[in-house]
Amino acid sequence: MPSFDFLLQVPSSTDNLAMIRDFVAKVGEKAGFDEKEVTKLALAVDEACSNVIEHAYGGNNANKEVRVRGSFDAEQVVVEVVDTGRGFDPGQIPVKDVEQLVRERRSGGLGWRLIRSIMDEVQYQMVPGEKNELRMVKKIRKGA
Amino acid sequence: MPSFDFLLQVPSSTDNLAMIRDFVAKVGEKAGFDEKEVTKLALAVDEACSNVIEHAYGGNNANKEVRVRGSFDAEQVVVEVVDTGRGFDPGQIPVKDVEQLVRERRSGGLGWRLIRSIMDEVQYQMVPGEKNELRMVKKIRKGA
Amino acid sequence: MANAFNLTRTEQDGAVILALSGYLDAHTAPQFERAIEVEFSGGHTKMIADCAGLDYISSAGLGVFMSFIEDIRAAGGDIKLCAIVPQVYQVFDVLGFPEIFDIVDAQAAALERFRSGAATKEV
Amino acid sequence: MANAFNLTRTEQDGAVILALSGYLDAHTAPQFERAIEVEFSGGHTKMIADCAGLDYISSAGLGVFMSFIEDIRAAGGDIKLCAIVPQVYQVFDVLGFPEIFDIVDAQAAALERFRSGAATKEV
Ligand SMILES: Nc1ncnc2c1ncn2[C@@H]1O[C@H](COP(=O)(O)OP(=O)(O)O)[C@@H](O)[C@H]1O
Ligand SMILES: Nc1ncnc2c1ncn2[C@@H]1O[C@H](COP(=O)(O)OP(=O)(O)O)[C@@H](O)[C@H]1O
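So, here is what we can say about the structure in this document. Treat the numbers as computed from the prediction; the structure is a model and nothing was measured.

Topic: the site of ligand 2
All names here are of chain B. Contacts to ligand 2 come from Asn51, Val52, His55, Ala56, Arg86, Phe88, Ile93, Gly108, Gly109, Leu110, Gly111 and Trp112. Contacts to ligand 2 include asparagine 51, whose side-chain N or O atom sits 2.8 Å from an oxygen atom. For ligand 2, an oxygen atom lies 2.7 Å from a polar atom in the side chain of histidine 55. Of the pockets mapped on this structure, ligand 2 occupies the largest pocket. Taken together, the elements giving at least two residues each to the shell around ligand 2 come down to α2 (35-56) and α4 (111-118).

Focus on the pattern of salt bridges
Enumeration over the complete set of coordinates arrives at 42 salt bridges over all chains. Where lysine 30 of chain B meets aspartate 15 of chain A, a salt bridge forms, and the shortest distance between an N and an O atom there is 3.6 Å. In this pair, lysine 30 of chain B is assigned in helix α1 (residues 17-31) and aspartate 15 of chain A in the loop between β1 (4-12) and α1 (17-31), connecting two distinct chains. For aspartate 15 of chain A, a relative accessible area of 28% gives the class partly exposed. Salt-bridge contacts for glutamate 80 of chain A lead to arginine 135 of chain A; the nearest nitrogen and oxygen are separated by 3.7 Å. Taken together, the positions of glutamate 80 of chain A in strand β3 (residues 76-83) and arginine 135 of chain A in strand β5 (residues 131-139) put the pair 55 residues apart, joining distant regions of the chain. Three or more residues joined by partner-sharing salt bridges are found here, namely Arg73, Asp78, Lys80, Asp102 and Arg113 of chain C.

A short note on the interface of chain B and chain A
If you look at the interface, chain B gives 18 residues, while chain A gives 18 residues. Summing both sides of the interface, chain B and chain A together bury roughly 1,600 Å²; the carbon and sulfur share of this comes to 61%. Three residues stand out in chain B for area buried against chain A, namely Leu7, Met19 and Lys26 of chain B, and they jointly supply 32% of the buried area on that side. Taken together, the links from chain B to chain A amount to four salt bridges.

Here's the deal with the pairing of β3 of chain A
Consecutive side chains along a regular strand alternate between the two faces of the sheet. Residues and elements named next belong to chain A. Counted residue by residue, β3 has eight buried out of eight residues, so it is predominantly covered. Here β3 shows no split at all, with Gln76, Val78, Glu80 and Val82 on one side and Val77, Val79, Val81 and Asp83 on the other all buried. By the bridge criterion, six bridges tie strand β2 (residues 61-72) to β3 in an arrangement that is antiparallel. Within β3, the residue paired with arginine 67 across the bridge is valine 82. If you look at the hairpin formed by β2 and β3, you'll find three residues sitting between the two strands.

Overview of empty space enclosed by the protein
This model, assessed by the stated rule, comprises two cavities of 30 Å³ or more. In this model, the largest cavity occupies a volume close to 70 Å³. Among the elements of the structure, α1 of chain A together with α1 of chain B are those that each provide at least two residues to the lining of the largest cavity. Classifying every residue of the lining of the largest cavity gives six nonpolar, no polar and four charged. Space inside the second largest cavity adds up to approximately 40 Å³. Lining the second largest cavity, in full, are Thr39 and Leu43 of chain B together with Asp55, Tyr56, Ile57, Gln87, Val88 and Val91 of chain C. Of all the elements in the fold, those that place two or more residues in the lining of the second largest cavity are α2 of chain B together with β3 (46-57) and α3 (86-94) of chain C. Per-class residue counts for the lining of the second largest cavity are five nonpolar, two polar and one charged.

Examining the sheet that holds strand β4 (residues 121-127) of chain A
With antiparallel pairing, the ten strands of this open sheet are ordered in space as β4(A)-β5(A)-β3(A)-β2(A)-β1(A)-β1(B)-β2(B)-β3(B)-β5(B)-β4(B). Sheet topology places β4 of chain A together with β4 (121-127) of chain B at the edges, where each strand pairs with a single neighbour. The mean inter-strand angle of the sheet, taken between neighbouring strand axes irrespective of direction, is 15°. Here helix α2 (residues 35-56) of chain A sits on the sheet and contacts β1, β2, β3 and β5 of chain A; the angle it forms with β3 of chain A, its principal contact strand, is near 15°.

Cut-off values and rules
Residues numbered from 1 in each chain as written. Chains lettered and ligands numbered in written order. Predicted model: local features only at pLDDT ≥ 70, side-chain atom pairs only at ≥ 80, totals over all residues. Heavy atoms only, no water. Near = heavy atom within 4 Å. Polar contact = N/O pair within 3.5 Å; in protein donor to acceptor, adjacent residues only side chain to side chain. 1 Å grid on protein atoms, 1.4 Å probe; cavity = no way out; pocket = protein on both sides within 12 Å on 5 of 7 lines; lining within 4 Å. Sits in = over half its atoms within 2 Å of the grid points. Helix = DSSP H or I, 4+ residues; strand = E, 2+ residues; numbered from the N terminus. Salt bridge = Lys/Arg side-chain N within 4 Å of Asp/Glu carboxyl O. Buried < 20%, exposed > 50% of the residue type's maximum accessible area, 1.4 Å probe, protein only. Contact = heavy atoms within 4.5 Å. Buried area = accessible area lost by both parts, 1.4 Å probe. Pairing = 2+ DSSP bridges. Points joined across faces, edges and corners; volume = space filled by probe spheres on them. Nonpolar A, V, L, I, M, F, W, Y, C, P; charged D, E, K, R; others polar. Axes fitted to C-alpha atoms, helices over the stretch in contact; angles between N-to-C directions.

Have a look at this one:
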């Protein structure tokens, strides 16, 4: 099976998350994921893009772009989320469980947990002055 | 109102026309078109992309890309369809009415007619060795 | 996915009714084309395309009607169209299909037109 | 569009029932947050989030539950969740929400738990 490449680019606004989810869901369907897998894939990418909008760009900003590349072959789906905003070090994200977050009355801190629990591989790369790229891989399990 | 920019790129395959229509429909909705206008906008872009897949690339080809850029401001929606395949001269498209096409048992020849009847401006540009670009504009009519 | 197209076939009073549903575009038109071809080569020339479930049509779908209608009429038959929803009808309309094709409200009316031998439109 | 979120409010037996429907993501979570805030500052501490119509939740939606629950419980109330569809439940589940939140099948069961004063879960 050859590999297939899809790209979506939208202004940095939470208003566009629905469009991103629909895009990713379609790529997942084409790759052969079942409905449950498709929903999870779209959730992981939603989380990644929400973070870009909120943290990398510091909020909605129609002049900034969120770029989502989805590709697949017979083995796996690869989704790359690219931004040109502020980068960060995922290794520095404090690992807190939900109990702790609740005690601290925090409303955030679960996005990365979801991404990691859904995707099989997660790599974050900063190319200073150029872009930040989050690369996520989800394997296609036959007959799963 | 600032202008908003959206981009979708998919492999050249009629299988992806549905994804293109959904993308364009969402851009049209965001621009403020009503359901009827949205359907027509998506149809015009479907016709343009079907032509790229069939004529510019000579059929489905997962290694070729169809690129659709949609943007809007308060006045208009602009959609650009870009390919890197064979270009052509729209001025050479024979103008035949449906009666004539039917008599000739033709199954094609209506795509351009639809595009022109739906869009307010249509420009085709070849950049030899680089790309072909079809630029289509649809005005937003207030309270229409 | 907004790409699904479906075709179901029934026969009534000597006419073949093809009920179309979903999205008829360049991707799905070949499926419709084959269905018409099968009917025509099987000697069925009275056809009704019931479009009640058809959500979308592009020129590739319209082309299927265009390319067969002359031969089918020459063989004494017709393709009648019925139950076209407004957003699909506007596409037929803008291209002038109502002047060429026999378009009616419902299946019953289409059957009635075959029964009464209503004059077939001519190009 | 797969972005719509809706919230309808009713009261029953001294509890506020917020029926959520559609998509609860980073775009729509602020709307849910404001609704909870309005209830809490209006002195309503017994709340039921009826999720029967909720098609989707992301961490931004989960965060609204997380950030209010301690204060609401400290004030003698609770947010009980009910009627969560499987594909949304899997998100709550993977993050361990069932250990912290009182999640039941239906509105009636949630009301019953307020009535019987069933022990509130503790963090
Ligand atoms: N794309 C990003 N760019 C910059 N910072 C980020 C990005 N993603 C996550 N972060 C940082 O990591 C933290 C944890 O992220 P996450 O687990 O998604 O929770 P939340 O976004 O809800 O705080 C964020 O609060 C933020 O400081
Ligand atoms: N993007 C394109 N690239 C190359 N040739 C094209 C393109 N679009 C249209 N054409 C040419 O113009 C003709 C008319 O196009 P159209 O009106 O859409 O009808 P159809 O595609 O059904 O033949 C086509 O048959 C083709 O020869």
